[in-house]
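Notes for the structure review
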Amino acid sequence: MAEETENDNNLLPADDRIIPINIEDQMKSAYIDYSMSVIVSRALPDVRDGLKPVHRRVLYGMLDLGVTSGKPYKKSARIVGDVLGKYHPHGDSSVYDTMVRMAQEWSLRYPLVDGQGNYGSVDGDPPAAMRYTEARLKKIAEELLSDINKDTIDYQLNFDDSLEEPTVLPTRIPNLLVNGASGIAVGMATNMAPHNLSEVVDGIVAYIDNRDIEIAELMQYIKAPDFPTGAIIYGHAGVQEAFQTGRGRIVMRAKAEIETTKSGREQIIVTEIPYQVNKSDMIKRTADLVNEKKLEGISEIRDESDRHGMRIVYDIKRDANASIVLNNLYKYTALQTSFSVNNIALVHGRPMLLNLKDMIYHFVEHRHEVVVRRTRFELAEAEKRAHILEGLLIALDHLDEVIQLIRSSATPDDARVGLMEKFGLSDIQARAILDMTLRRLTGLERDKIKEEYAELMKTIEYLKSVLEDEGLRMKIIKDELLEIKDKYGDERRSTIVHSAEDMRMEDFIEDEEVVITISHESYVKRTPLSEYRRQSRGGKGSLGTNTREEDFTEHIITASAHNYMLFFTEAGRCFWLRAFEIPEGSRTSRGRAIQNIINIPKEEKIKAYIKVKNLRDQEYLENNFIIMCTKRGTIKKTSLEAYSRPRANGINAINIAEGDQLLEACLTDGGSEIVMALRSGRAIRFNESTVRPMGRTATGVRGVTLAGPDDEVVGMISVNNSETTVLVVSEKGYGKRTDIEDYRVTNRGGKGVKTINVTEKTGKLVAIKDVTDNDDLMIINKSGIVIRIAVSELRVMGRATQGVRLISLKGDDEIASVAKVEHEEEELNDENQASSENTDENNSESTQSESDD
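Cut-offs used in this document
Residues numbered from 1 in each chain as written. Predicted model: local features only at pLDDT ≥ 70, side-chain atom pairs only at ≥ 80, totals over all residues. Heavy atoms only, no water. Axes fitted to C-alpha atoms, helices over the stretch in contact; angles between N-to-C directions. Helix = DSSP H or I, 4+ residues; strand = E, 2+ residues; numbered from the N terminus. Parallel < 35°, antiparallel > 145°, perpendicular 65-115°, else oblique. Contact = heavy atoms within 4.5 Å. Nonpolar A, V, L, I, M, F, W, Y, C, P; charged D, E, K, R; others polar. Phe/Tyr/Trp six-rings, centres within 6.5 Å; stacked < 30°, edge-to-face > 60°. Buried < 20%, exposed > 50% of the residue type's maximum accessible area, 1.4 Å probe, protein only. Lys NZ or Arg CZ within 6 Å of the ring centre and 35° of its normal. Core = buried A, V, L, I, M, F, W, Y, C linked by side-chain atoms within 4.5 Å. 1 Å grid on protein atoms, 1.4 Å probe; cavity = no way out; pocket = protein on both sides within 12 Å on 5 of 7 lines; lining within 4 Å. Points joined across faces, edges and corners; volume = space filled by probe spheres on them. UniProt positions renumbered as here; feature names shortened; annotations may be inferred. Pairing = 2+ DSSP bridges.

Focus: the packing of helix α3 (residues 53–65) against helix α5 (residues 92–101)
The N-to-C vectors of α3 and α5 enclose an angle of 80°; their axes lie 10 Å apart at closest approach. With respect to each other, α3 and α5 are oriented roughly perpendicular. Taking contact as the criterion, the partners of Val54, His55, Val58 and Met62 in α3 are, on α5, Ser94, Val95, Thr98 and Met99. Partitioning the contact of α3 with α5 into residue classes produces five nonpolar, three polar and no charged.

Describing the packing of aromatic side chains
On inspection of all chains with the given rule, the structure shows seven aromatic pairs. Centroid distance Phe227 to Phe339: 5.5 Å. Interplanar angle 55°. Geometry classified as tilted. Residue Phe227 is found in the loop between α9 (215–218) and β8 (232–234), and its partner Phe339 is found in strand β14 (residues 336–342); the two are separated by 112 residues along the sequence. Note on accessibility: Phe227 and Phe339 belong to one class, buried. Each residue in the set Tyr60, Tyr87 and Tyr155 is aromatic and connected to the rest through ring pairs, giving one cluster. Here the basic side chain of Arg253 rests over the ring of Tyr234, its NZ or CZ set 3.8 Å away from the ring centre.

Here's the deal with the nonpolar core
Nonpolar side chains in soluble globular proteins generally cluster together in the buried interior. The biggest cluster of nonpolar side chains holds 81 residues, and the ones touching the most others in it are Leu59, Met62, Met99 and Ile360. Among residues more than four places away in sequence, those in contact with Met62 are Val67, Ile79, Met99, Val113, Ala135, Arg136 and Leu137. Ala382, Phe423, Leu425 and Ile433 belong to the second-largest nonpolar core, a separate cluster that totals 22 residues.

Structural notes on the layout of surface pockets
Taken as a whole, the largest pocket spans an internal volume of roughly 1,400 Å³. At the level of elements, α8 (197–209), β17 (495–497) and α19 (618–622) are the ones that each hand at least two residues to the lining of the largest pocket. Here the lining of the largest pocket gets three residues from one element, more than from any other, and that element is α19. For the lining of the largest pocket, the class distribution of residues is four nonpolar, 13 polar and 15 charged.

Focus: the UniProt feature "active site" (unreviewed entry) in the protein chain
According to UniProt, the "active site" (unreviewed entry) feature falls on Tyr132. In this fold, Tyr132 is placed in the loop between β2 (113–116) and β3 (134–137).

Things to note about the sheet that holds strand β11 (residues 266–272)
With antiparallel pairing, four strands are arranged side by side in an open sheet as β10-β11-β13-β12. In this open sheet, the two strands that pair with only one neighbour each are β10 (255–260) and β12 (298–303). For this sheet, the mean angle separating the axes of adjacent strands, direction not counted, is 20°. Two strands pair when backbone bridges link them, and β11 and strand β13 (residues 312–316) are joined in this way by four bridges, in the antiparallel orientation. Residue pairing across strands places Ile268 opposite Tyr314, the latter belonging to β13. With respect to the sheet, helix α11 (residues 279–291) is in contact with β12 and β13, its orientation differing from that of β12 by roughly 165°. Seen against the sheet, helix α12 (residues 322–332) touches β10, β11, β12 and β13 and runs at an angle of roughly 40° to β11.

Given below as structure tokens:
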């Protein structure tokens, strides 16, 4: 067979000889060429600008056509035709579909095209034909094209070699990260998630500041993808894997809430759905599952979405549990779906798998190249202009000779040559002098040329310094990024919720209301609030704690089990503890020494506490303050943010002067009023704004003037509600409520006004609390007896009165401390009270201790 072929070939002319090729090799070669063409020229984005060729051509074509954000809209058909004719020789639908997607708010996190007309919907409705719609560039898209005319990028010839098109855009926006990309090539695909611009800029700035930054540290800035449709990212493990390796599976859930209608029926309301989910298809599929009896408990599904937002309503049957139905919806429908991250992009024309740091690295390298090329271009332009100005200045310095030479020359060329020879000018300078108008010879115009030249020399010096200093170039990149963040940065849309795989300790602890009890000897315990019973005013109380002889209960705190507790010692140190980390004990147990739980020095006592929701919400931390006061009347205000980084050994919260100690600390929002009460029975009220925020280690300022050497502050409250009443309690069991308005607002540092009429019968003041009718009062005696009474049983009375008896004291017993707790609707338990009285008698021999207040 081979011989026949050879003989046949010999019969043909030499130019038309057939060359035998192995078909297998030819198929391999042709397929590789085809696949590389698809990979490089169609399906994968460039790592530098995050665009595929068709996106790049549409944006460049729109710029070429002049449809920028400040210009009128142009017909989409006009734009598509221009892009097809100049740069993209494919079907018109490929260009129009690309442009439409770049205009859809539910497709791109930061849309690049400003569309006018019907551009489709999240229900999968198609856009109107291109002859009906109009478009122009969005302002943010112009940032991708910024400086394109300053030789910042390379160009290539278009398909017919008649024009040039950019190979990449000099983008100021990290577009690959913020808008993501998806595409199917040959033998590979890409699926890159969008992210929040503000977070990405912060991450890039952190990378520029520290090139050795770890991905885990970058994730403190770029927390997770941020999808255009919002919804919930369920679980952080997939995000972590995607950031670390470039591949990962991110679970997305719709944002759903369970509501109860006026008729008592439950509804599931969905306001945000996962990214790339077709809303109408999802609703139709859910309805099919309900009809097929695979989903039970749903009576009706309605789409109530309008131009103001999305709202899908699932009506729940009366006998069904809405939470179970919602979990089934997540399981069987697109209300929960996943986004498979596959970060493949073109790096120097080759497809590569990239992690988070790789993408940031390549973007910064691209921006660096753009800044260098832009600076060189601007320097060359400035030097050209300076060269011309130097010629003009020479001419102006020898004006009469120049005019004489020009007048005596027969032709312009003679004048040009004469100028060059006589004054040593270049051809460009000579031409500029000949082109100069007569008005430039006026004194004012001459001054303008000198000023322009001086400014140009400064610019040239600066541009040269930029080219010589990489640190300066990096600063320019950072500054431009931060400017982009200020212009276009926004809040996250997708919230992050921890899934079962991400469970932390608190996820296994019920978030119940608890009472945290701290004794005089620093024994601490956590007890469910439900263990305490409310009693009538004047009752003898029930035993709250079995204390050692010299101990008594000093602090009672009501909290949620998941709250953070900040403990402040009398020496001014702060320690952290989660409420659920405090050991649980019964109402009558002693608890555990707090030194065994946190590293508090044995000689220091807990004097104040603060209950904080969480320490991760930056806005919450920055908008709340801790105000502290000492026994000697000093007050200090510090931002909560300063206490948001827990340390095992605690931190200094306030600098305590010798002979003084910390007494109280409270959390405020910056707009409260402070009331400080003295043992002598006086109190002062002033605005929190009169105390400026200080650093953690500051001493503070004077809050109140003491009545004498034996006087001291017994408490401080912060008030931001005019309905609040002030409750004061004396050591002999007397107390009263007074309207807050009875205390006039004065400047801090004064002596205050009388708050209770202190007599031998009442004893000195021991406590001040801000209360409403919705509060209960816990009063603790030095003997360990606890009584709980409703504040609503105490009538509001005048400021200078003696008050009423709150608790019956035996013998020389005195009140040790007072705490307010949330109102609890419970009937009086007579049996409990009777058994309490018996217990009280058995414990009446307890040794009494002097109050530390």
